[in-house]
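Survey of secondary and tertiary structure
Spelled out from the first residue to the last, the chains are:
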Amino acid sequence: MSKKRPDGLLIGVDEKVSYPKAIALGLQHVLAMDLYIAPIIVAGLLSLSTENTSFFVQMCFLATGLATLIQTGFGLKLPVVQGPSYVPIGAIAAIGGKLGLGAIAGSLIPGAIMIALLGYPLKVFAKTVRKIVPPIVGGTVIIIVGIALMPVGLNNIYFAEGTIGQNVAIASISAGVLVTCMVLGKRLPRFGSFFRLVSVILAIVAGSIAASFFYPIDFTPVKEAAWFSLPTLLPFGKPVFDMGAILTMMLVYLIILLETTGTWFVVSTITEEELDEKRLNRASFGEGLGCFVGSLFGSTPLTGYSSNAGLLAITGVGSRMVIMASGFILVLLGFIPKLSAIIICIPESVINGIFGIVCVAIVTNGMKIIQPIIIDDRNMIVIGVPILLTIAVTVLPKEVLATVPNWANYLLSSGISVGALATVILNLIIPVDKSLGQQRTQTESPEK
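The following refers to the structure shown. (Residues numbered from 1 in each chain as written. Predicted model: local features only at pLDDT ≥ 70, side-chain atom pairs only at ≥ 80, totals over all residues. Heavy atoms only, no water.)

Thoughts on the overall build of the protein
Of regular secondary structure, the protein possesses 22 helices and two strands. In summary, the protein has a C-alpha radius of gyration of 21 Å against a globular reference of 22 Å for 448 residues, a match within 12%. Overall size of the protein, expressed as C-alpha extent along the three principal axes, is 65 × 60 × 45 Å. Split into buried and exposed, the 448 residues of the protein put 54% on the buried side. Long-range contacts, defined as pairs at least 24 residues apart, comprise 86% of the intrachain contacts of the protein with a sequence gap of at least 6. When the accessible surface of the protein is split by element, carbon and sulfur atoms take 68% of a total near 20100 Å². Of note, the protein has its 28 positive side-chain charges centred 7 Å away from the centre of its 23 negative side-chain charges. (Helix = DSSP H or I, 4+ residues; strand = E, 2+ residues; numbered from the N terminus. Rg over C-alpha atoms; globule rule 2.2 N^0.38 Å. Buried < 20%, exposed > 50% of the residue type's maximum accessible area, 1.4 Å probe, protein only. Contact = heavy atoms within 4.5 Å. Areas by Shrake-Rupley, 256 points an atom, 1.4 Å probe, with all protein chains shown as cover. Lys, Arg positive; Asp, Glu negative; His and termini not counted. Charge placed at Lys NZ, Arg CZ, Asp CG, Glu CD.)

Side note on unusual backbone geometry
Between Tyr120 and the following residue, Pro121, the backbone shows a cis peptide bond with an omega angle of 10°. Tracing the sequence through the fold places Pro121 in the loop between α5 (101-119) and α6 (125-132). Of note, the phi angle at Leu234 is positive, near 45°, even though the residue is not glycine. Summarising the element assignment, Leu234 is placed in the loop between α11 (220-224) and α12 (243-271). The exposure class assigned to Leu234 is partly exposed, which follows from its relative accessible area of 30%. Here the phi dihedral of Glu272 falls at roughly 60°; this positive angle occurs in a residue that is not glycine. Residue placement: Glu272 occurs in the loop between α12 and α13 (277-296). With a relative accessible area of 52%, Glu272 lands in the exposed category.

Notes on the packing of helix α3 (residues 50-75) against helix α15 (residues 320-333)
Each pair of packed helices gets described by two things: the angle between the helix axes and the distance between those axes. Between α3 and α15, whose axes approach to 7 Å, the crossing angle comes to 155°. As summarised for this structure, α3 and α15 are arranged roughly antiparallel, according to the angle between their axes. The handedness of the crossing between α3 and α15 is left-handed. Along its contact with α3, which presents Gln58, Phe61, Leu62, Thr64, Gly65, Leu66, Thr68, Leu69, Thr72 and Gly73, the element α15 presents Arg320, Ile323, Met324, Gly327, Phe328, Leu330, Val331 and Leu333. Classifying every residue of the contact of α3 with α15 gives ten nonpolar, seven polar and one charged. (Axes fitted to C-alpha atoms, helices over the stretch in contact; angles between N-to-C directions. Parallel < 35°, antiparallel > 145°, perpendicular 65-115°, else oblique. Left-handed = near helix turned anticlockwise from the far one by under 90°. Nonpolar A, V, L, I, M, F, W, Y, C, P; charged D, E, K, R; others polar.)

This is how it looks when you write it as C-alpha cells:
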C-alpha cells in the first residue's frame, strides 16, 4: 500500500515524475536559490581577481550540484538542496588572508571528514542532536547567522563601485523588487508561487537595469570566458595544513551542522517524513561527504539551504527526483564558465541589496522557531547573551585581531562561530526551571 501524500504537497517525496517535468521543476529551484551570493562575498574578502572569482563561483555550482545529489540521493534522502554556507565566511577570509588559499583547502578537508565520521561509522550524530540542539538553540543560531551577516552586505554596498548614494539607490531598488515579489506571492492566489519563484531573478534584473543608468556594466569577462571547461582538483594549489586553522574550521563545521539540522527538521515537517536516528546519521555522513568533495574542487563548506524548505511549502513539490534534477543542472552549470562570468558581472550593490533581505528572512525564521518558548530569565540569557557576543565580535576593531594568537584570530573573525558556540554552552550549563513545563500546561489548558 502506497504511503499517503501530505496535504500540503502536490508531489510526494518518492513519487515518480517524467524527466521533462523533473527538469522544469528542478530548474525553478535553481533559479530561485541565491547560491552564488556567498562565494562572491568570500571572493571579495579574499581580493580574488575577476577571473578567479568567476572560476570560484563556477566550482561552487559544481560542488553544490554534487553535494545535492549525494544528500538527496543516499544521505538524508529528503528534498534538500545543498549550497555554500554563510557561517564560515569570516573564518575563511581570515585563514586565506593570513596563510594563503592553500590553507583554506587544508582546513576544510579534515573538518569534512570529521562530519562524515560522526554519521558513519561512529553513529553518534543523532544522539548528540537530540541533546544539544533543542529549538531554543537552533532558533538562536539562525538569528545569529542573520545578524552577523547584515554588516557584510551593508559594507559591500557602501564600498562597491560608484558613489555611496548610487550604491544605496541600486541596492534599495533590488531589495524593493524582491520584497514586492514576496508580498505579491502572498496576495495573489493564482500567480503567487510564480512571483515567489522568480523573485530573486526579477530583483537582479531590475537592480542591474538601475545600475546601468549610473555606470556601464562591464561584460568583458563574459566575452572572454569559454563555453565549456573541465574542473580541476585543488584549483587553488596544494593544501596547507595549519593546526590552528584546522581546529577553527572543525568548530565552524559543527556550527554549520547546527544550522543545517534546523533545515532538515523544517523539511521533515513539510514532507511528514520522520527524522529517526538512522536518517540523521546518514544525513551527517552525506553532509560531510558533500563538503569533502566540494573542498577538493575549491568550494566553500556546503549546507542544506533553508530557503529550499520555503520553496517546498510554496510549490508543493516535495519530490526527491525533482531536487536531484536540480543537482544535475547545477553540475552542468559547473562546466559552463560563460554562465559563471555573467553572474560575476552583476553589480555588487545589486547582489548585496538582495543579500540584506536574505539576512532579514534568516533572522525572522529563527524568531519563528523560538516564538513558542517561554522567555524566563534563563532563556533570556541563552538567547540574548550569544546575540550580544555576536554583535561584539562583528564590530570588533581589526587591530585587536592582530594581537591575539592565530586560532583566536580565526574564531574572532566569525561572529557566527562565537555566538553559536555560546548558545550551545549556555544552554548546557544553565539549569532549566523545572516549573516551566507546569507553567506552560497551565497557560495552554484554558485554550484547549
